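Descriptive analysis of the structure
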Amino acid sequence: IHFDFFSTVGLSYLKTKTNIPGSQGGKDQGHLGSLLGVGMRIFLNDHFSLRFDVRNTIYKTTFAPLRAGQPGSKLTRSQYQYALGLYYLFGSGK
């Protein structure tokens, strides 16, 4: 069995719905953030492999104010993602 470890670094874009008063059902906000991750891929044979990775997206967002007339709270948030997948390689070159 062959396996590889890898890391992921990049940018991400998230869209969230906030609870800002005065907007019906919340307000959509877009957030640009950083993406960091690590993972492992296990090659089962020439065509199949398993992949597991963990990613963390870090972004800034604004929450609704506690009292009317005050500015909202700006916070740095972190969102983790876990993924497990089965991959099939078309045309292994053999």
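Computed from a predicted structure; not experimentally measured. (Residues numbered from 1 in each chain as written. Predicted model: local features only at pLDDT ≥ 70, side-chain atom pairs only at ≥ 80, totals over all residues. Heavy atoms only, no water.)

1. Observations regarding the packing of aromatic side chains
- All told, the structure shown has three aromatic pairs when counted by the stated rule.
- By the ring-pair criterion, three or more aromatic residues cluster together here, those being Phe48, Tyr88 and Phe90.
- A cation over an aromatic ring shows up here: Arg41 above the ring of Tyr87, its NZ or CZ 5.3 Å from the ring centre. (Phe/Tyr/Trp six-rings, centres within 6.5 Å; stacked < 30°, edge-to-face > 60°. Lys NZ or Arg CZ within 6 Å of the ring centre and 35° of its normal.)

2. Digging into the side chain of Thr61
- Positionally, Thr61 belongs in strand E3 (residues 48-63).
- If we skip the residues at most four places from it in the chain, Thr61 touches Gln29, His31, Ser73, Lys74, Leu75 and Arg77. (Helix = DSSP H or I, 4+ residues; strand = E, 2+ residues; numbered from the N terminus. Contact = heavy atoms within 4.5 Å.)

3. Describing the pairing of strand E2 (residues 27-43)
- Bridge count for E2 against E3 is ten bridges, and the pairing is antiparallel. Looking at E3, one finds that Val38 is bridged to Val54.
- Here E2 folds back onto E3, and the loop between the two strands holds four residues. (Pairing = 2+ DSSP bridges.)

4. A closer look at a nonpolar patch on the surface
- Together, Leu44, Phe48, Leu50, Phe52, Tyr80, Tyr82, Leu84, Leu86, Tyr88 and Phe90 give the surface a local cluster of nonpolar side chains, amounting to about 1,200 Å² of exposed area.
- Only E3 and strand E4 (73-88) provide two or more residues apiece to the nonpolar patch.
- Along the polypeptide, Phe90 turns up in the segment after E4. (Patch = residues over 30% accessible without salt bridge, like charges linked within 9 Å, V, L, I, M, F, W, Y side chains within 5 Å. Areas by Shrake-Rupley, 256 points an atom, 1.4 Å probe, with all protein chains shown as cover. Salt bridge = Lys/Arg side-chain N within 4 Å of Asp/Glu carboxyl O.)

5. Focus: the pattern of salt bridges
- A complete count under the given rule lists two salt bridges for this structure.
- Residue Asp53 is joined to Arg51 by a salt bridge in which the shortest nitrogen-to-oxygen separation is 3.7 Å.
- Between Asp53 and Arg55 there is a salt bridge, with its nearest N and O atoms 3.0 Å apart.
- Residues participating in the shared-partner salt-bridge network are Arg51, Asp53 and Arg55.

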